[in-house]
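The residues making up each chain are set out below.
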Amino acid sequence: MMIVADEVEILLVEDNANDVELTLRALRKNRLANRVHVARDGEQALDFLFGEESGGPPRLPKVVLLDLKLPKVDGLEVLRRIKGDERTRRLPVVVLTSSREEPDIARCYDLGVNSYIVKPVDFERFVPAVTQAGLYWLLLNQPPH
Amino acid sequence: VVWWRRLSIAAKLPLGVGTLLLVVLGGMTVVVYVAERRGAIELATERLNRAGLQFAVGLGGLTDQRVRGLTELSRTPLVRQFLASGSAALADEVADSLRAHARTAGADAIELWSPAGRRLLTTDVEALAPRRLPESALADGTIPRPGVSGFERRGDRLLYTVALPVRVGSDGRAMIVERHALDNSPEEAAAVSQVVGSDARMLVGSPGAGRWTDLAGPVPGPPIEVSASPSPIEYERSQGDPVLARVLEVPGTPWLLVMEFGRASVVAPAQRFLRRSVLLALVLAVGGAGAAWLLSRGISGGLQQVTRAAEALAAGRDVAPIAVARADEVGRLGASFNAMARQVADSRHALELRVADRTAALEAANRELEAFSYSVSHDLRAPLRAVDGFAAVLVEDHAEELSSDARRCVGLIRNSAQQMGQLIDDLLTFSRLGRQPLIHTRIDMDALVRGIVAESCAGRRRDPAECTVDPLPPAWGEPSMVKQVVTNYIENALKFTAAARPAEIRVTGRVADGAAVYTVRDNGVGFDMRYVDKLFGVFQRLHAAEEYPGTGVGLAIVKRVVERHGGRVWAEGAPGRGAAFHFTLPGSNHSEHTDPSTMA
């Protein structure tokens, strides 16, 4: 799903292929799936954002949908790097995870997450959860310039 | 008696010995003192008696001698002739004779009186003879016996007279009178001191006239009226010192002789003895107590060491072994104490190790459980979401390719997946409630229950249940957990009153034994009391899942939360006649209760 980098509006960081497909389906239903970049682990996500090898300025999507349990670099670390970097500090990050464990939630908010959504098992509830988040951050939210 | 019991042995022994010595020596001292004092007084009395008698007799003899001297004088022819004739020619010669006699007898003066009561002659140059004859010479009409008068004061001297009647003619009764001073003999006073003692004093006086002399000069008499008595009397001198005195009559005179003895000087030796004895008793008692202390310290020093070590051991401190340097009972006690302390220390150490092991194991188990919960929470839900999600995609995107039976099957798949999701959520809640730390705060149960009831009773159903909430007492607990309890009870009641028309749910509360008791009562399907034990178990259900949906975890969650708060849950009901579910919570802030399931 490679698209032109400059047009990327959503960075989806998710290792589970099923969840990737279901999330994209949910976004597609509301025509939000056109400018999505998928990173399958934390390292890819950081590469996409900071372009470690290019060394140029970071590419900023409108929102990052971040799973917590990821191979290599986990979600919390990605969140910490984003919120700890002057250039990406203002980038909205929505954690989209299966975990409703209180310590996870608390740690994410401590690191400055913008929203925390527990993925429902029920697909009927999963679709609105994902699309509402997408609509909100892409259309409703006013980012700083 | 309590303070005595609390004293250490090292203090008891010397105290006891000292007290005993003090009591014995003190008692002996008192007995001896009393005897000594009585003896001294008896001795003094005897000396008083003897000396008094001796001087009384001596004085009596003196006056007797004077009377005899006068008698002799009266018998001389010159005097008789003069008295009979009263011739002035003889006067000078008689006066010479009288003067000679007065010198010999040591008299102040000698006078001759006529039967008519006229003074015929006196050797007294001052002519200070009494104007009346002495009373002793004028008793009655008969010739009186020779008499000695009482004392009479002249200047600073005390005088007495010896009068002798002399028969003149047939009825004439002339008088020859000799006057003496009694207080001109200091050598007599010195004799008293020699005989009786320097602290003794002798008084002679005529009590009627109140004139007294100590033989050296006039002195004030005894402060009380005295009379002759065979036993000693006591009175205080004017200076306030008590005296022991004997009063005697002087034979042949109207005089009284008083022999005084200072009482203080009598009992002084006894008192000196008392003072010395008391001092000695004190010294001995203190010395004895000191010796007893040394002795008891030797015995109880070891005991104290053992006692202190035992107290330290009892307080849970580590104890260094006691140095045992003796082989008597105390030494054996110390040795066996050391052995005991070693055993206690060993078992305590073993216990600590075991506790540390168990704690570590529990902590590991807890960590594993947490990891497990996390996996369940995250990893178990992901595939379920895929199952449900792709089944939904199948129905939505490929509906026309599926037969009605296939669509029904996909629906069943989705139901199961969702149910399992719910089950996982409930289990996680159940597990979390067991691990989450409790922070007790005061909970306004009235407001909390009313909020939940308002939300649940009205919102969830087409036909709202009639929910009543009575005023509820407050409780202490973790608000979010208690809220879960109430929610589960209310949801339960709503679920099982679904068929009731109208559904009635009532929440009541009261305070009993410091605990707040809450009850949720409904008029639903109820349950058979035979299965009451299964109500609060995990995954236990009394009704078919098709009939009443649910995972069977709700009441287990209630039980776990309430028991972690130190309360209890119970229920009663009957099939078709509703049910009552109860739970208790702490009514006040006693958060120190043990929380047995924190580790679970």
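Everything below is about the structure printed above this text.
Below is a short write-up of the structure. (Residues numbered from 1 in each chain as written. Chains lettered and ligands numbered in written order. Predicted model: local features only at pLDDT ≥ 70, side-chain atom pairs only at ≥ 80, totals over all residues. Heavy atoms only, no water.)

## Remarks on the overall build of chain A
Regarding its fold elements, chain A presents five helices and five strands. Counting all 145 residues of chain A, 52% fall into the buried class. Within chain A, counting contacts between residues at least 6 apart in sequence, those at least 24 apart form 65% of the total. Just so you have it, chain A exposes about 7,200 Å², and 48% of that area is on carbon and sulfur atoms. (Helix = DSSP H or I, 4+ residues; strand = E, 2+ residues; numbered from the N terminus. Buried < 20%, exposed > 50% of the residue type's maximum accessible area, 1.4 Å probe, protein only. Contact = heavy atoms within 4.5 Å. Areas by Shrake-Rupley, 256 points an atom, 1.4 Å probe, with all protein chains shown as cover.)

## Observations regarding the interface of chain B and chain A
Residue-level contacts link 23 residues of chain B with 23 residues of chain A. Taken as a group, Tyr374, His378 and Arg385 of chain B account for 32% of the area that chain B buries against chain A, more than any other trio of residues on that side. Seen at the junction of chain B and chain A, the total is five salt bridges. Across the salt bridge formed by Lys29 of chain A and Glu396 of chain B, the nearest N and O atoms sit 2.4 Å from each other. Across the contact surface, chain B and chain A share 10 residue pairs in polar contact (both at pLDDT 80 or more). Broken down by secondary-structure element, the contributors of at least two residues to the side of chain B that touches chain A are helix H7 (329–397) and helix H8 (404–435) of chain B. It is H7 of chain B that contributes the most residues to the side of chain B that touches chain A, 16 residues altogether. Looking at the side of chain B that touches chain A residue by residue, the class counts come to nine nonpolar, five polar and nine charged. (Buried area = accessible area lost by both parts, 1.4 Å probe. Salt bridge = Lys/Arg side-chain N within 4 Å of Asp/Glu carboxyl O. Polar contact = N/O pair within 3.5 Å; in protein donor to acceptor, adjacent residues only side chain to side chain. Nonpolar A, V, L, I, M, F, W, Y, C, P; charged D, E, K, R; others polar.)

## Looking at the pairing of strand S16 (residues 504–512) of chain B
Residues and elements named next belong to chain B. Pairing of strand S14 (residues 466–469) with S16 involves four bridges; the strand directions are parallel. Note that in S16 the partner of Val469 across the bridge is Val507. With eight bridges connecting them, S16 and strand S17 (residues 515–522) associate as antiparallel partners. Paired with Val511 across the two strands is Ala516, which belongs to S17. Between S16 and S17, which pair antiparallel one after the other, the connecting turn spans two residues, and Asp513 there sits at a positive phi close to 55 degrees. (Pairing = 2+ DSSP bridges.)

## Points about the sheet that holds S17 of chain B
All names here are of chain B. Strand order in the open sheet made by the five strands is S14-S16-S17-S19-S18, with mixed pairing throughout. Each edge of the sheet is formed by a strand with only one pairing partner; in this case those strands are S14 and strand S18 (569–573). For this sheet, the mean inter-axis angle between neighbouring strands, taken without regard to orientation, is 15 degrees. Set on the sheet, helix H10 (residues 479–496) makes contact with S16, S17, S18 and strand S19 (579–586); between it and S19 the angle comes to about 175 degrees. (Axes fitted to C-alpha atoms, helices over the stretch in contact; angles between N-to-C directions.)

## Remarks on a nonpolar patch on the surface
Residue and element names in this part refer to chain B. Among the surface-exposed residues, Trp3, Trp4 and Leu15 lie close enough to one another that they form a single nonpolar patch of about 340 Å² accessible area. Inspection of the secondary structure assignment puts Leu15 in helix H2 (residues 9–75). Using a relative accessible area of 40% as the deciding quantity, one classes Leu15 as partly exposed. (Patch = residues over 30% accessible without salt bridge, like charges linked within 9 Å, V, L, I, M, F, W, Y side chains within 5 Å.)

## Quick word on the environment of Leu256 of chain B
Residues and elements named next belong to chain B. In this fold, Leu256 is placed in strand S12 (residues 256–262). Using a relative accessible area of 7% as the deciding quantity, one classes Leu256 as buried. Spatially, the C-alpha atoms of Leu256 and Ala56 are 8.5 Å apart, while their sequence positions differ by 200 residues. With residues up to four places along the chain from it excluded, the contact list for Leu256 reads Leu203, Val204, Gly205, Pro207, Trp212, Val226, Ser227, Ala228, Val247, Leu248, Glu249 and Val250.

## Thoughts on the side chain of Asp388 of chain B
Locating Asp388 of chain B in the fold gives a position in helix H7. One polar contact links Asp388 of chain B to Arg414 of chain B, side chain to side chain, over a distance of 2.8 Å. Polar contacts involving the side chain of Asp388 of chain B include one to the side chain of Gln418 of chain B, which spans 3.2 Å. Every residue in contact with Asp388 of chain B, bar those within four places of it in the chain, is listed here: Val121, Asp122, Phe123 and Glu124 of chain A together with Arg414, Ala417 and Gln418 of chain B.

## A short note on the packing of H10 of chain B against helix H11 (residues 554–564) of chain B
A pair of packed helices is characterised by two quantities: the angle between their axes and the separation of those axes. Residue and element names in this part refer to chain B. Two numbers describe how H10 lies on H11: the axes approach to 9 Å, and their chain directions differ by 145 degrees. Seen from above, H10 lies across H11 with left-handed handedness. On H11, the residues touching Met481, Gln484, Val485, Asn488, Tyr489 and Asn492 of H10 are Gly554, Leu555, Ile557, Val558, Val561, Val562 and Arg564. Looking at the contact of H10 with H11, its residues break down into eight nonpolar, four polar and one charged. (Left-handed = near helix turned anticlockwise from the far one by under 90°.)

## Digging into the environment of Arg50 of chain B
Within the fold, Arg50 of chain B resides in helix H2. Given a relative accessible area of 54%, Arg50 of chain B falls into the exposed group.

## So, the packing of aromatic side chains
All names here are of chain B. For the structure on display, the rule yields 11 aromatic pairs over all chains. On the basis of an interplanar angle of 90 degrees and a centroid distance of 6.0 Å, the ring pair of Trp3 and Trp4 is categorised as edge-to-face. Put simply, the rings of Tyr489, Tyr518, Phe527, Phe536, Phe581 and Phe583 touch in pairs and so form one group of aromatic residues. Residue placement shows Arg568 over the ring face of Trp570; its charged tip is 4.1 Å from the ring centre. (Phe/Tyr/Trp six-rings, centres within 6.5 Å; stacked < 30°, edge-to-face > 60°. Lys NZ or Arg CZ within 6 Å of the ring centre and 35° of its normal.)

## Observations regarding the packing of helix H3 (residues 75–84) of chain A against helix H4 (residues 102–111) of chain A
Residues and elements named next belong to chain A. Following both chains from N to C, one finds H3 and H4 inclined at 15 degrees, their axes separated by 9 Å at the closest point. When the interaxial angle is binned, H3 and H4 end up roughly parallel. Judged by the twist between their axes, the crossing of H3 over H4 is right-handed. Where H3 approaches H4, its residues Leu76, Leu79, Arg80 and Lys83 are matched on the opposing element by Arg107, Cys108 and Leu111. A breakdown of the residues in the contact of H3 with H4 according to their chemical character gives four nonpolar, no polar and three charged. (Parallel < 35°, antiparallel > 145°, perpendicular 65-115°, else oblique.)

## Brief notes about the nonpolar core
Residue and element names in this part refer to chain B. Within the largest apolar cluster, 50 residues are counted, with the highest numbers of intra-cluster contacts made by Val204, Trp255 and Leu257. Residue contributions to this core peak at 11 residues, all from H2. When sequence neighbours within four positions are dropped, the list of residues in contact with Val204 reads Leu59, Phe151, Leu182, Arg211, Trp212, Thr213, Leu215, Trp255, Leu256 and Leu257. Val449, Val469, Ala500 and Val561 belong to the second largest nonpolar core, which has 45 residues in total. (Core = buried A, V, L, I, M, F, W, Y, C linked by side-chain atoms within 4.5 Å.)

## Structural notes on the sheet that holds strand S8 (residues 211–213) of chain B
Residues and elements named next belong to chain B. Spatially, six strands are ordered S9-S8-S7-S12-S11-S10 in an open sheet, and the strand pairing comes out antiparallel. The two strands at the open ends of the sheet, each matched to only one other strand, are strand S9 (218–219) and strand S10 (233–236). One ladder, built from seven bridges, connects strand S11 (residues 242–249) with S12; its direction is antiparallel. Each bridged residue has a counterpart across the sheet, and for Val247 the counterpart in S12 is Val258. The sheet strands contacting H2 are strand S7 (200–206), S11 and S12, and the helix crosses S12 at an angle near 150 degrees. Of the strands in this sheet, S10, S11 and S12 are in contact with helix H6 (residues 263–314), which crosses S12 at around 35 degrees.

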